[in-house]
Amino acid sequence: MTVDSDNFENGSAPAAGHGGENNSLHDLLWRVSRTFALSNRWLPARLRRTMTVAYLLFRVSDYLEDNAVMSSERKVEMLYLWDAVLAGREREDRLCSELREVKHDDDPEAEVAIRFRELTRSLRGLEESECRALRERVRETTRGMARRQLRGPVVETEEELDEYMHHVAGVVGYLITEVFACFDSRLAKRKSDLMEPAREYGLGLQTVNVIRGLRKDYARGRVYVPRNLLEEVGLEPDTFLRAHNADRSMTVVDRLVEKADSHLRFGLSYVFGMPRSLYRVRLATMWPLLFAAKTLSVSRGNPNVVFSEAKITRRDVARIVRHTMVMGWSNRWLGWYYQRLLYRRNSR
C-alpha cells in the first residue's frame, strides 16, 4: 500500500509559484508523486531538500512491500534487509545484489529502489538531527510493513487497519513534524501539541489511499478493508469487488469515507498550528488535506471507486491552489473550505 500516490489526473501540475528544481532527486520525486511534489516544491529550500530525501526513502520501503513480482515471504526478507542497511548492520552491496535479481518493470517506483544508494548518501548529508529522525522513522515504517506481510493479505478489524496505517502514514506525520521542529523554533515549541494531530492526519490521508486503491489492491490479492466491516453488509474479502456486489461495496466505501473524514479533521488542527508567517509551510501542509477532501467528495457514491479508480482533476487541483494562496491564512475560511470541498462534488 502506497504511502502517498498521485491524486489528480492529466499529467503535470499547474504552474503555481515557486519553480521546481532540476536536481535529479526532485525530478524523480515528481515522477513518483505529483501530489507530494506539488506541495514540496513550495517549502523553503532546506525543508524541500530534506523532505525530498525523506519521501523517496519511504518509497523504497513502499516498492519492496507493493511490487507485484516478489512473494510475501521474499518481501519480508527484503524489507528486513533494507531496515538492516539503514541501521548499518548490512552492507549496501548486498541490497544492490538482491535488487538486481528482481525483475523490474520500467517504472519510477522501481527506479527509486534501485537508486537507494543515492538516497542514503543524501541522507548522510543532512543535519545530524534530521538524519537521525529520518533514519529511525523510515526503519519504523519498514518493519511495520514487514509485519503486515507476515499477517497475510486480509485485514481483520479496523484496529488492525489503524495499526498498519500508523506505520505507513502516522509515522510519516511524526517525521514531518520532527523535521519542521528542527527548522523553526516556533514549531519546536509546538511540537508536542502537533504530534497526535500529525498522526491522525496521516491516517486520514492513508484511508483516502485505501479508497482510491481498492481495485488495484484487490487485483494484487490484498484487501485493506477490515473483514468485520465487509461482513456487516454480507460480503467477504474475495467477493468484495465483484460486479454483482456493487451496491453493498459502495456502502462499505461510504463507511470508509466517513472514517477518512474523522481522521482528516485532525489535519485542520495541524494546519492551524502552522504560523501564518511560515506561509509556504502552511500551504504545503494544507494542500494534501484539501486534495483528500475533494477526493472523498468524488468517491462518495461513485461506482468508479469499485470498478476502476476515482481521481480529482488537474482543474480541481489548480482551483484549490488558487483559492488557498489567497485565503489560506484564515483558519476560519479553511475550515469552511474543507467542508465545501468534502460535500460539494462540483464546488467552484
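Residues numbered from 1 in each chain as written. Predicted model: local features only at pLDDT ≥ 70, side-chain atom pairs only at ≥ 80, totals over all residues. Heavy atoms only, no water.

So, the packing of aromatic side chains
Think of a pair of aromatic rings as described by two things: how far the centres are apart, and how the planes are tilted against each other in angle. Tallied over the entire structure, the rule returns seven aromatic pairs. Taking the centre distance of 4.4 Å and the plane angle of 15 degrees together, the rings of F36 and Y55 count as stacked. Of this pair, F36 sits in helix α2 (residues 34-40) while Y55 is found in helix α3 (residues 45-66), placing the two residues 19 residues apart along the sequence. In this structure Y55 comes out as buried when scored by relative accessible area, which is 6%. Measuring from centroid to centroid gives 4.5 Å for W333 and Y337, while their planes differ by 20 degrees, and the two rings are stacked. You can see W333 and its partner Y337 sitting in helix α17 (residues 331-343), four residues apart, about one turn around the helix. With respect to burial, W333 and Y337 carry one shared label: buried. (Phe/Tyr/Trp six-rings, centres within 6.5 Å; stacked < 30°, edge-to-face > 60°. Helix = DSSP H or I, 4+ residues; strand = E, 2+ residues; numbered from the N terminus. Buried < 20%, exposed > 50% of the residue type's maximum accessible area, 1.4 Å probe, protein only.)

Notes on empty space enclosed by the protein
Vacant regions in the atomic arrangement are exposed by a probe of water-molecule size rolled over the atoms. Scanning all chains against the criterion turns up three cavities of 30 Å³ or more. In this structure, the second largest cavity spans a volume of roughly 40 Å³. Around the second largest cavity, the lining residues are V210, G213, L214, D217, Y218, R222, V223, Y224, V225, F240 and L241. Top element by residues in the lining of the second largest cavity is helix α11 (residues 214-219). It accounts for three residues. For the lining of the second largest cavity, a count of residues per class yields eight nonpolar, one polar and two charged. (1 Å grid on protein atoms, 1.4 Å probe; cavity = no way out; pocket = protein on both sides within 12 Å on 5 of 7 lines; lining within 4 Å. Points joined across faces, edges and corners; volume = space filled by probe spheres on them. Nonpolar A, V, L, I, M, F, W, Y, C, P; charged D, E, K, R; others polar.)

Overview of the nonpolar core
In terms of nonpolar packing, the biggest core is built from 111 residues, with L56, L64, W82, L134, V225 and F240 touching the most fellow members. The element best represented in this core is helix α14 (residues 279-299), accounting for 12 residues. Not counting the four nearest positions on each side in its chain, F240 is found in contact with L214, Y218, V223, V225, L230, L235, N245, S249 and V252. (Core = buried A, V, L, I, M, F, W, Y, C linked by side-chain atoms within 4.5 Å. Contact = heavy atoms within 4.5 Å.)

Here we look at the environment of L264
Within the secondary structure layout, L264 lies in helix α13 (residues 246-272). Taking C-alpha positions, L264 is 9.8 Å from Y338, a pair spaced 74 residues apart along the chain.

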